[in-house]
Amino acid sequence: MIQTIPQVKQIRYLEGACFLPDVSSDILLRIEEKDPRLVDLASRLFPGQSVVCEQLEGVKGYTFSIQGLNGTELLRELRLEDQREGYVLRMENASVTIAAAKAAGLFYGIQTLRQIMDNHDSIPAAVITDWPDVGLRCMNFDLRQTFSKPEKLLAYIAEFAKFKVNGLLIEYEDKLPYERYQQVCHPNFAFSREQFEMLKETAKNNFIEIIPLQQSFGHLDYVLRYDAYKWLREIESSTGELCPSRPESYELATGLLDEMIAMHPDSRYIHLGCDEVYSLCECETCRDTYQGAREKTFIAFVNRLIAYAAGKGKTPIIWHDMLKKCSEEDLKLLDKRAAVMIWIYNGRNIDSDVSRLTATFRNAGFEVMGAPAVRCFDDQEHQNYPVVASRIDNVLQWSQTSGKLGIDCVVATNWSTSFSFGLPYGIFETTWYLMALFADVHWNREADTGRFVDRFLRLFHGVDQETAKNKLGNYLNEDYYLIIGSLLDEVVKHKDVAELIGIMNAFEHSSDRMRTIHKYLYRWELFPGDEAEWQSLLSYYQRNTAGRTKVRPQMSAILRHFQPEEMADHFVMSRFYLHDYLEKNVYSKMGLSLA
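Residues numbered from 1 in each chain as written. Predicted model: local features only at pLDDT ≥ 70, side-chain atom pairs only at ≥ 80, totals over all residues. Heavy atoms only, no water.

**A short note on the packing of helix α12 (residues 388-405) against helix α13 (residues 432-443)**
- In contact at an axis separation of 10 Å, α12 and α13 are set at 15 degrees when each is read in the N-to-C sense. For the element pair α12 / α13, the angle class is roughly parallel. The way α12 lies across α13 gives a crossing that is right-handed. Residues V388, R391, I392, V395, L396, W398, S399 and S402 of α12 form the contact with α13, whose participating residues are Y433, L434, L437, F438, V441 and H442. (Axes fitted to C-alpha atoms, helices over the stretch in contact; angles between N-to-C directions. Helix = DSSP H or I, 4+ residues; strand = E, 2+ residues; numbered from the N terminus. Parallel < 35°, antiparallel > 145°, perpendicular 65-115°, else oblique. Left-handed = near helix turned anticlockwise from the far one by under 90°. Contact = heavy atoms within 4.5 Å.)

See below:
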């Protein structure tokens, strides 16, 4: 049986035949309009074969073939409404043909062929007809607290394309190479202009649309921390929220937006943020201006931002959370040129909650978009990998709900922190498992996810189900983060990701156990000087401190593989700071030591 991520929509096996590709023959591309991305992809994925590209007058559609058939015939198997990114793939004997109505469809068909060839020793002859259920399927780079080396980010964009992702929401924060606002650029980690342009070019080459996110009301801590701007806070303690009554607040917000928009000329959308603006109508001027009406205060300022972005030719997007308390009358005041993106990350009632909100916003005249999370707060500040059971449940609920409601843009939000002044949750590379699940069920809502973990282990790590079963026994989708470290000897692909998760797991084991040391310290307080109590405390301390001491250099080394050195150090310190503090100020003074 052929396995892919995303799982293909329709597959018809051809009796009595196998597919044995002729890797010595030329690849022939016939294209309706010139698109160098297709030639580049074919050359990259089939490096040993020559690529011949023909653009013939009067030819409609796009085809890829190796000793193949006329692709025009295959196009008849694709429904008209599914032709924007859909494709048909026929492979039999030594020949293969892929046909698509549009360039993006052929791009995804080639990706499917390569994935099949890379992961199956024996390939049955088959005809695959495939198309997406969601028009815009987005991943998320949150670059606020922690992010990978620039060259890694480029590689990940190409990896997204293998999963048929076609959108990327990016929150740059202080990593954007601002020109007018250079003061807010991170001194060490802001992209150079060359790196930034390469990021955009890589996305375009992989048929991925960038949606830039520029915070413009709340979450502006990285700007309002500076003396030049902190006077624009709503109140002094609201370190990330603008006062909407000050003319200079609008000038700052639109100035930041202006640079973001100018640097993304090809992006249809601009995300304005506008979530979690907690300090509304708290300054005296706002109270006087808006008579304490928080919702009207919010809408008045956001309307000006929407008008500005729309005037620049962009469709503005705002998060939904500040609107959910608005009355119907309040929502009538909001500029209808904005799209509302609903984010709900927890709970069993995604269907009812999203359905209610979608009806409210659509009745008010707004386009609705959706956002599950592959990583979010989940009531845990320290997340060395995502809270997997919650994230699987959230992604699967959203897939079914967005399908029922016809929501055609869905983003897999992947937060690195809750606020700019917080600690990093975990690093990006620990979320591949959940990102792949998101890609799977938002391309194909009917994908069989009952044993998704087996498909992921095979296609992402090269570990087949029988090998995993023999090594581990029984395991479920929710067990991926617990088991992958035990499969390191069997992993042949993305081994660095498996090693990373294994190390984070080892850290969590020792660190979580150490959190209960207060019980033993309390016992010592009850029975000071008791030899047995001391030995119990010492044994517990030594066992768990030894585990944490062992994993620290391992964590540091693996992080340097993925991240700039200074950022890797930042992550390690965020995990060990409290332990180091207690070691210095409590344990060593008590006489506890590893010796």
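**A short note on helix α1 (residues 36-45)**
- The complete set of buried residues in α1 reads L38, L41, A42 and L45. All buried residues of α1 lie within an arc of 95 degrees about the axis, which places them on one face of the element. (Buried < 20%, exposed > 50% of the residue type's maximum accessible area, 1.4 Å probe, protein only. Arc of directions from axis to C-beta.)

**Here's the deal with a nonpolar patch on the surface**
- A surface patch of nonpolar side chains, about 440 Å² in accessible area, is lined by M573, Y577, L578 and Y581.
- Following the sequence through the fold, L578 ends up in helix α20 (residues 565-590).
- With a relative accessible area of 51%, L578 lands in the exposed category. (Patch = residues over 30% accessible without salt bridge, like charges linked within 9 Å, V, L, I, M, F, W, Y side chains within 5 Å. Areas by Shrake-Rupley, 256 points an atom, 1.4 Å probe, with all protein chains shown as cover. Salt bridge = Lys/Arg side-chain N within 4 Å of Asp/Glu carboxyl O.)

**Describing empty space enclosed by the protein**
- This structure, assessed with the given rule, holds one cavity of 30 Å³ or more.
- The wall of the largest cavity is formed by 14 residues, among which D142, T146, N414, S416 and F428 lie closest to the centre. (1 Å grid on protein atoms, 1.4 Å probe; cavity = no way out; pocket = protein on both sides within 12 Å on 5 of 7 lines; lining within 4 Å. Points joined across faces, edges and corners; volume = space filled by probe spheres on them.)

**Quick notes on the packing of aromatic side chains**
- Summed over all chains, the structure comprises 37 aromatic pairs.
- With a centroid separation of 6.1 Å and an interplanar angle of 70 degrees, the aromatic rings of W319 and W415 are classed as edge-to-face. Of this pair, W319 sits in strand β12 (residues 315-319) while W415 sits in the loop between β17 (413-414) and α13, placing them 96 residues apart in sequence.
- With relative accessibility at 2%, the residue W319 sits in the buried group.
- Residue W415 is classed as buried on the basis of its relative accessible area of 10%.
- Positioned above the aromatic ring of F46, the side-chain terminus of R114 is 4.8 Å from the ring centre.
- The ring centre of Y475 lies 4.8 Å from the NZ or CZ of R451, which sits over that ring. (Phe/Tyr/Trp six-rings, centres within 6.5 Å; stacked < 30°, edge-to-face > 60°. Lys NZ or Arg CZ within 6 Å of the ring centre and 35° of its normal.)

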